[in-house]
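Working through the structure, step by step
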Amino acid sequence: MKSRKLMAALLTITMATSILAVGCGNKKDNNKNENSKKEEKKEDKEKSDEKNKDSAKEDKMDKEQYLNVVEVEPKTLDQSKSTDLYSSDVLTNVNEALTRVKSEKYGEEKNEPGAAESWKVSEDGLTWTFKLRDMKWQDGEKVKAQDFEYGIKRTLDAKTASSYAFLLYPIKNGEAYFEQKAKAEDVGVKALDDNTLEIKLEKKCPYFLKLTSFKVFQPQRKDFIEKLGDKYGTDADKMICCGPFLLKEWSHDNKIILEKNPDYWNAENVKLEKVNMKIIKDENSRMTELYNGNLDMSGVDKPEWIDKLDKTGDYELLKGPSGSVAYTMFNQDNKYFKNAKIRKAFSIAVDREGVCKILHHGINEPATAWCPPKVSIADGKEFRELAGEGAMEKLTKENSDPKKLLQEGLKEINEDPDPSKHTFKLLTPGTSARFKEIGEYYQQNYKNVLGVNINVEYCEWATFQTRTKERDYELASLLWGGDYDDVNTFFDLFMTGNDIIHTGWPGNKEYDKLILEANNITDNPEERAKKIAEAEKILVYDEAVVSPEYWTNRNTYIRKYVKNYMPKVFGSADFSTAYTSGRE
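Heads up: these notes are all about the structure in this document. If you're wondering where the values come from, they're calculated on a predicted model, not measured in any experiment.

Positionally, arginine 154 belongs in helix H4 (residues 145-156). In this structure arginine 154 comes out as buried when scored by relative accessible area, which is 11%. Reaching out from arginine 154, the side chain makes a polar contact with the side chain of serine 80 at a distance of 3.3 Å. The residues touching arginine 154, leaving out its near neighbours within four places in the chain, are Asp78, Ser80, Lys81, Thr160, Gln220, Ile225 and Tyr232.

Take the sheet that holds strand E9 (residues 255-260) next. Taken together, the four strands give an open sheet; going across it, the order is E1-E10-E9-E8, and neighbouring strands pair in mixed fashion. Two strands bound the open sheet, and with one partner strand each, they are strand E1 (66-71) and strand E8 (245-251). Across the sheet, the axes of successive neighbouring strands diverge by a mean angle of 20°, strand direction being ignored. Relative to E9, E8 runs antiparallel, the two sharing six bridges. Pairing of glutamate 249 across the sheet is with isoleucine 257, part of E9. Running over the sheet, helix H3 (residues 85-94) touches E1, E8, E9 and strand E10 (274-279) and is turned about 140° from E8.

Turning our eyes to something else, we now look at the sheet that holds strand E7 (residues 196-200). Strands sit in the order E4-E5-E7-E6 across an open sheet of four strands; the sheet is antiparallel. Two strands close off the open sheet at either side, each with one partner strand: strand E4 (116-121) and strand E6 (189-193). Each strand axis lies, on average, 20° off the axis of its neighbour in the sheet, ignoring direction. Taken together, the five bridges between E4 and strand E5 (residues 127-132) define a ladder with antiparallel strand orientation. From the neighbouring strand, valine 121 faces E5, where its bridge partner is tryptophan 128. Each of E5, E6 and E7 touches H4; the most contacted strand, E6, lies at about 170° to it.

Thresholds applied
- Residues numbered from 1 in each chain as written.
- Predicted model: local features only at pLDDT ≥ 70, side-chain atom pairs only at ≥ 80, totals over all residues.
- Heavy atoms only, no water.
- Helix = DSSP H or I, 4+ residues; strand = E, 2+ residues; numbered from the N terminus.
- Buried < 20%, exposed > 50% of the residue type's maximum accessible area, 1.4 Å probe, protein only.
- Polar contact = N/O pair within 3.5 Å; in protein donor to acceptor, adjacent residues only side chain to side chain.
- Contact = heavy atoms within 4.5 Å.
- Pairing = 2+ DSSP bridges.
- Axes fitted to C-alpha atoms, helices over the stretch in contact; angles between N-to-C directions.

Rendered as structure tokens:
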């Protein structure tokens, strides 16, 4: 959640190392019968509730319960149209998907009951039946199974133009409906009654349960949305909530304020009364706010601030992989980047070691492939451990002279082979001093290695999203974070017709075939990894659709008085269990 360096995005630099990372995931699917599942989940909930109560007693909660965190301006909070991690952070806290990702230890996440108090799966794995708990919208109306059915079908409706519709393609006739080859009533989603939702799949899907915590599985109110039309999700008074918090205020480009929802089904275990999400674009301002106590947590990567914060003794430091890859993408509508050799030249030219060492002070890791470490391919098995040599590593080894490759590409498109005669535009998703530092580094890097001229264009995040979607760019840099803990979240987005990374790549039939075959494999992770590794080679080595540059790691400073909060590798920031003790 979902649905998204260096050039990296503002978040790539500090927020990708902060609590505000993308993801929804779990380690185990629930394949038990409904009764045993209910008992187990009831027992887990009782243990969790008791643990929360005991912990709160031990720490003596502060009288005023609030958190101050950093955020970036979301483009929209419409669940069907949202594509960035910033909106996912808000939506996770103000609404309730079928399941909710929980974590007591960093990197160990699982899907637990959310709006669905239990579920059962048919023997063939094709029919999922979710029993919904009694919940209310903030206006007092009952949350119904029909709201989930409407939300899913709205996302799949071609008129909605959702970039995330492809996530719902495992549902029977989901893709056909999106392509207008089937009707809404043919889609395998049905409210059997107000508290029972049935979802039928096209075929058995190894990661389906992991999807159900993502924003496209949140309920949506038909009457509310149809009344507002395109204004839905654009302001605080244009959202309706049923989650742990309510969207109290959204002062654009300034702050978002969440307040505890007294009617939330689990309100007794939500301790925070308020979450202040501050939109702070300048890194030094953000660090100063963290140091002075006006922020309770943030990612930090500059040595001078790390040293300063360490000396206070006021913070817990969380380090670890964040399940994200920073990359540059190429607009294949452009005359230069239609050519694979030119794309490869730019991809190879990036000094990945230098980017990580100089720009990120050794916190992040040079990418040798597209999919980062720690992403599961099966319970207890990681894709990278089974995939073998990385496609980016192979491409670099076999092409020691990217400038020569560029010249060959220029000749193929009948352009002057002298790189110095060509100027390229690099689009970045931020305007702060930090982005200028990054842009200048890349500008010099490309000039030194390829001999080309680079003009860097700096724009705000919302503008960046619009321009890249319209393919009004040549090169652009950003971050992709997994929406759930399965390798598929890094590969299905490139299948033909899935336009969430806007490169203009027409797709590849062999790539599509490999991903589809891989996702039909449910009991042989080695074979599944082999097929996905072949698809990764097409993506990065053969076609150079994107240039993976580094894998992000967290270096998150959290005030010691913040209790019972655990960031996730996969899953958006969730403040529903957090509280403070000893702030005063």
